[in-house]
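Listed below are the residues making up each chain.
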Amino acid sequence: MNKTITVIKGDGIGPEIVTEALKVLDKVCEKYGHTFTYQEILAGGCAIDAYGRSLTEEALEKCLDCDSVLLGAVGGPKWDGVAKEIRPEAALLGIRSAMGLYANLRPARLFPQLADASPLKPEIVAKGIDLMMVRELIGGAYFGEHKTVEENGEIVAHDDMTYSEHEVRRIAHTAFQTARKRDSRVISVDKANVLDSSRLWRKVVHEVAAEYPDVICTDMLVDNTAMQLVKNPSQFDVVVTENLFGDILSDESSMITGSIGMMASASLGDGTRGMYEPIHGSAPDIAGQNLANPIGTILSAAMMLRYSFDMIAEADAIEAAVNAVLDEGYRTGDIMSEGMKKVSCSEMGTLVAEKI
Ligand code: NAD
């Protein structure tokens, strides 16, 4: 298969971790007979330095004219003072909105080899954590009207949380289709006992659930979900929720698995094209030192193969390679523990690629 991948290395550790992910993708091509063409663009701080803004039209065009986008991370203290419209993060929002990426998929999986890194009790961790958080990305309170006004002699702030049926319907389909590639269970999270937007959410999710009789669908209130994630995370397969709840719950679910450098994510819209990136930032404190953990980016590339290119065996091979390397005791600094073998970012990439 031939695929064109737009590559955004970005800032800080971005170039180091993306280089390792490409090393692994190249090995997949060699092993499975595919051709991946990489078109590299500048976005984020490096684009501000080169062009005076974090995303040029030509760069955005390349994101719209490809099979998927692979991103490292953008931003850093160097650009903290720049105007809001050209900030590094504005590039990501620009790409997400132009590509119509309304679904954010974040797997939270505990690698048994790294169980000690989880802040949860060993008896909870022993049952395993392997869930997929599906968060609605371009609706709800973050995109409603925000205003701060004076009413009755005091300042009052409003944030409007709005959802329309079509916004709920499309993310619900994403969740059910994702569940079919996993353990066929969806927990839909809302606050239907209080919020109108949640009551609509629940009604529409139930309508969509009827189209997927093979997938078990259950409702859970958001406050209970926050508790269940730390009490019994092994009960979750796919969790689908709106933007604000998803922002909070996805960070909680990442935290319980321990290491930020291991975590992948995908942003998807209609069709197969998506943007894939690790959940962490550009880690300026360790940039340029060959210390970063590239596994989150490598697993993001595996998600790209699974969700955008339908290359299931290839994605499985990458995940198995990561597992094998961890099994052999290789660790980057962030996941290092006693008795393990410490490796650099590039060594970790090479080790994973060799296992493909
Ligand atoms: P961060 O995720 O970059 O770093 C937090 C801590 O985790 C640091 O100690 C860092 O060294 C460590 N870390 C992160 N990724 C790692 C990896 N792969 N291997 C080893 N250690 C790793 O968060 P931050 O420090 O709050 O943000 C730094 C910059 O990144 C900021 O400019 C922020 O705006 C930006 N950021 C970008 C994105 C993105 O591009 N999607 C996301 C979050 C933050």
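It should be emphasised that the depicted structure is a prediction, and the values quoted were computed from it without experimental measurement.

(A) The overall build of the chain, seen in detail. The helix and strand inventory of the chain stands at twelve helices and 14 strands. Projected onto the principal axes, the alpha-carbon positions of the chain cover approximately 60 × 50 × 40 Å. In the chain, buried positions account for 53% of the 356 residues. A total of about 15300 Å² of accessible surface is found on the chain, and carbon and sulfur atoms cover 52% of it. The positive charge centre, built from 34 side chains, and the negative charge centre, built from 53, are 4 Å apart in the chain.

(B) Structural view of the pattern of salt bridges. Evaluation of the coordinates by the stated rule reveals 21 salt bridges. In this structure, D316 engages R306 in a salt bridge whose closest nitrogen and oxygen atoms are separated by 2.7 Å. Of the two residues, D316 is situated in helix α11 (residues 312-327) and R306 in helix α10 (residues 295-308); the sequence distance between them amounts to ten residues. Residue classification places D316 among the partly exposed residues on the basis of a relative accessible area of 38%. Here the salt bridges share partners, and the residues they tie into one network are E165, R169, K203 and E207.

(C) The sheet that holds strand β4 (residues 103-109), seen in detail. Pairing in this open sheet of ten strands is mixed, and the strands run β2-β1-β3-β12-β11-β4-β5-β10-β8-β9 from one edge to the other. Where the open sheet ends on each side, the last strands, each with one partner, are β2 (35-41) and β9 (216-221). Going from strand to strand, the sheet's axes swing by 25° on average, the running direction of each strand aside. By the bridge criterion, seven bridges tie β4 to strand β5 (residues 130-136) in an arrangement that is antiparallel.

(D) Summary view of helix α9 (residues 243-257). Here α9 spans 21 Å end to end across 15 residues, near enough to the 21 Å set by a 1.5 Å rise per residue. When α9 is considered as a whole, its buried residues turn out to be N243, F245, G246, L249, S250, E252, S253, S254, I256 and T257. The secondary structure elements touched by the buried residues of α9 are β4, β5, β8 (185-190), α7 (196-209), α8 (222-231) and β10 (238-241). Between the side-chain oxygen at the start of α9 and the backbone nitrogen of L244 there is a gap of 3.1 Å, and the oxygen is on E242.

(E) Geometry of the nonpolar core. One finds L25, L70, L105, F176 and L305 to be the most contacted residues of the largest nonpolar core, which totals 69 residues. Element by element, the count of residues in this core is highest for α10, at nine residues. A domain split of this core shows at least three residues from each of domain 1 (1-107 + 260-356) and domain 2 (119-256). What L70 contacts, discounting residues up to four positions off in sequence, is I5, T6, V7, I8, V18, A21, L22, L25, Y276, T297 and A301. Among the nonpolar cores identified, the runner-up in size contains 19 residues, and L120, I129, M220 and L249 belong to it.

Here is what the cut-offs are and how they apply
- Residues numbered from 1 in each chain as written.
- Predicted model: local features only at pLDDT ≥ 70, side-chain atom pairs only at ≥ 80, totals over all residues.
- Heavy atoms only, no water.
- Helix = DSSP H or I, 4+ residues; strand = E, 2+ residues; numbered from the N terminus.
- Buried < 20%, exposed > 50% of the residue type's maximum accessible area, 1.4 Å probe, protein only.
- Areas by Shrake-Rupley, 256 points an atom, 1.4 Å probe, with all protein chains shown as cover.
- Lys, Arg positive; Asp, Glu negative; His and termini not counted.
- Charge placed at Lys NZ, Arg CZ, Asp CG, Glu CD.
- Salt bridge = Lys/Arg side-chain N within 4 Å of Asp/Glu carboxyl O.
- Pairing = 2+ DSSP bridges.
- Axes fitted to C-alpha atoms, helices over the stretch in contact; angles between N-to-C directions.
- Expected span 1.5 Å × (residues − 1).
- Contact = heavy atoms within 4.5 Å.
- Polar contact = N/O pair within 3.5 Å; in protein donor to acceptor, adjacent residues only side chain to side chain.
- Core = buried A, V, L, I, M, F, W, Y, C linked by side-chain atoms within 4.5 Å.
- Domains from an automatic or database assignment.

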